[in-house]
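Observations on chain architecture
Below are the chains, spelled out letter by letter.
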Amino acid sequence: MGAMTTTAATTATPVVGFDQVSKTYGDVRAVDGLSLVLHPGETVALLGPNGAGKSTTLDLLLGLKQADTGKVSVFGTSPREAIVAGRVGAMLQSGGLMDEVTVGELVKLACDLHPKPYKVGDVIARAGIAQIADRKVNKLSGGQAQRVRFALATAGDSDLIVLDEPTTGMDVSARQAFWATMREQADQGRTVLFATHYLEEADAIADRVLVLHRGRLLADGTSAEIKAKAGARRVAFDLDGEIDEAPIRSLPFLTSVDISGQTIRIQSTDADATVHALYGLGVYPRNLEVAGLGLEQAFVAITTAEEAKQS
């Protein structure tokens with residue numbers, strides 16, 4: 001998905017603005033001084049471990065919760081005003097679907113309520129739910145219910161689509177079809193913000209990745225920038241014979257070590273120095289590979305380092 005990177009895009013009214021936003025539940029600060037700006041046409045992944053504040057951030061964005069301090073704006077207005085104007089479509093984990101109505105009836109209701117509705121048949125076709133349009137909502141599988149939620153989120157011409165764990169419960173083919181549809185939405189200039197625990201989706205889909213940790217923005221950039229921020233590389237190799245783990249684990253600049261049979265996988269903040277020291281042990285590594293971290297490993301490295309600082 002191509003982000004709009006022109007000067008016009010970055011100087012236009014932001015789609016979303018968080019200005020020093022905090023939200024506390026009792027002793028838990030779910031969102032802690034969060035500031036960020038989303039621009040038109042971006043596809044943005046929101047990542048973070050459980051309890052990082054992802055769902056609370058989306059609830060604040062959608063006006064479902066009110067910030068204790070700071071300001072949330074959507075298209076330069078309050079979240080409520082933007083939603084009433086039909087500028088935001090949302091697909092959330094929380095909240096059930098109406099029982100005892102058919103899928104088609106529920107989608108029709110969503111279209112009827114939207115200020116700029118699409119045709120019901122088009123919404124149903126786009127979400128891939130034509131075959132279950134006559135089925136009662138309470139008879140749906142988890143993946144089918146997710147596709148219905150997607151239909152409700154795209155029942156009208158909205159400028160921002162917000163998705164909370166959208167492909168949970170979908171099989172691989174359904175997930176692929178879902179993201180193909182979302183690419184079409186983004187290509188038409190809409191902003192797409194999605195929270196996901198499928199990090200490969202964030203890597204493949206997002207123009208921009210936001211990493212939350214304990215309610216704070218830990219990293220903000222492209223997937224490649226997030227990987228670089230982790231500051232480590234992967235080194236993998238095989239050793240013959242009996243492996244003495246102690247010298248391997250004492251190699252310099254290591255951040256993690258995994259020894260499985262004859263295969264050793266390590267992460268290092270200075271791969272060149274680590275490999276040089278490895279040869280200095282007098283061993284002969286076979287099938288030596290050095291590569292950058294994937295987004296998942298980078299995410300773990302960044303959040304683990306932050307946990308270490310706060311402990």
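The notes below deal with the structure included here. (Residues numbered from 1 in each chain as written. Predicted model: local features only at pLDDT ≥ 70, side-chain atom pairs only at ≥ 80, totals over all residues. Heavy atoms only, no water.)

Quick notes on the overall build of the protein chain
A count of helices and strands for the protein chain gives twelve helices and 13 strands. Based on the C-alpha atoms only, the size of the protein chain along its principal axes is roughly 75 × 45 × 45 Å. Here the contacts in the protein chain between residues at least 6 apart in sequence split such that 68% fall between residues at least 24 apart. Of the accessible surface of the protein chain, which amounts to about 15,000 Å², a share of 49% is contributed by carbon and sulfur atoms. (Helix = DSSP H or I, 4+ residues; strand = E, 2+ residues; numbered from the N terminus. Contact = heavy atoms within 4.5 Å. Areas by Shrake-Rupley, 256 points an atom, 1.4 Å probe, with all protein chains shown as cover.)

Details of the packing of helix α5 (residues 120-127) against helix α6 (residues 142-153)
Running from amino to carboxyl end, α5 crosses α6 at an angle of 140°, the nearest separation of the two axes being 9 Å. Looking at the two axes, α5 sits oblique to α6. Remark: the crossing between α5 and α6 carries right-handed chirality. Listed contacts from α6 to Val123, Arg126 and Ala127 of α5 are Arg147, Phe150 and Ala151. For the contact of α5 with α6, the class distribution of residues is four nonpolar, no polar and two charged. (Axes fitted to C-alpha atoms, helices over the stretch in contact; angles between N-to-C directions. Parallel < 35°, antiparallel > 145°, perpendicular 65-115°, else oblique. Left-handed = near helix turned anticlockwise from the far one by under 90°. Nonpolar A, V, L, I, M, F, W, Y, C, P; charged D, E, K, R; others polar.)

Digging into the pattern of salt bridges
One pass over the structure, following the stated rule, counts 16 salt bridges. Put simply, Arg208 and Glu42 hold a salt bridge, and the shortest N to O gap is 3.0 Å. Highlighted residues: Arg208 in strand β8 (residues 208-213) and Glu42 in the loop between β2 (28-38) and β3 (43-47), separated in sequence by 166 residues. The same class applies to Arg208 and to Glu42, which are both buried. The salt bridge partner of Arg249 is Glu245, with a shortest N-O separation of 3.2 Å. Remark: Glu245 and Arg249 occur in helix α10 (residues 245-249); sequence separation between them is four residues, near one turn of the helix. Judged by relative accessible area, Arg249 falls into the partly exposed class, the value being 44%. (Salt bridge = Lys/Arg side-chain N within 4 Å of Asp/Glu carboxyl O. Buried < 20%, exposed > 50% of the residue type's maximum accessible area, 1.4 Å probe, protein only.)

Some remarks on the environment of Lys227
Assignment of secondary structure puts Lys227 in helix α9 (residues 223-229). With a relative accessible area of 24%, Lys227 lands in the partly exposed category. As a C-alpha pair, Lys227 and Ala301 span 74 residues in sequence and 9.4 Å in three-dimensional space.

Overview of the sheet that holds β3
The strand order β5-β6-β7-β3-β8-β9 describes an open sheet built from six strands, whose pairing is mixed. The open sheet is flanked by β5 (88-91) and β9 (216-221), the only strands paired with a single partner. In this sheet, adjacent strand axes meet at a mean angle of 15° when their direction is disregarded. In this sheet, β8 lies alongside β3 in parallel orientation, the contact comprising four bridges. Each residue of the ladder has a partner; that of Leu47, found in β8, is Val211. Against the sheet, helix α2 (residues 54-61) contacts β3, β6 (160-164), β7 (191-195) and β8, and its axis sits at roughly 150° relative to β6. (Pairing = 2+ DSSP bridges.)

Here we look at the sheet that holds strand β4 (residues 69-74)
With respect to topology, three strands assemble into an open sheet ordered β2-β1-β4, the strand pairing being antiparallel. Either end of the sheet is taken by a strand with one partner, and the two such strands are β2 and β4. Put simply, the sheet's adjacent strands are angled 25° from each other on average, direction ignored. One ladder, built from seven bridges, connects strand β1 (residues 16-25) with β2; its direction is antiparallel. Looking across to β2, one finds that Tyr25 is bridged to Val28. Strands β1, β2 and β4 of the sheet are contacted by α2, whose axis makes an angle of about 120° with β1.

So, the pairing of strand β12 (residues 263-268)
Where strand β10 (residues 233-238) meets β12, six bridges bridge the pair, whose relative direction is antiparallel. Bridge assignment links Arg234 to a residue of β12, and that residue is Gln267. Note: strand β11 (residues 254-260) against β12, six bridges, orientation antiparallel. Directly across from Ile259, in β12, lies its bridge partner Ile264.

What to know about unusual backbone geometry
Unusually for a residue other than glycine, Glu100 sits at a positive phi of about 60°. Relative to the elements of secondary structure, Glu100 occurs in the loop between β5 and α4 (103-113). You can call Glu100 exposed: its relative accessible area is 53%. Positive phi, close to 55°, is recorded for Asn287, a residue that is not glycine. Secondary-structure assignment places Asn287 in strand β13 (residues 286-292). A relative accessible area of 52% places Asn287 in the exposed class.

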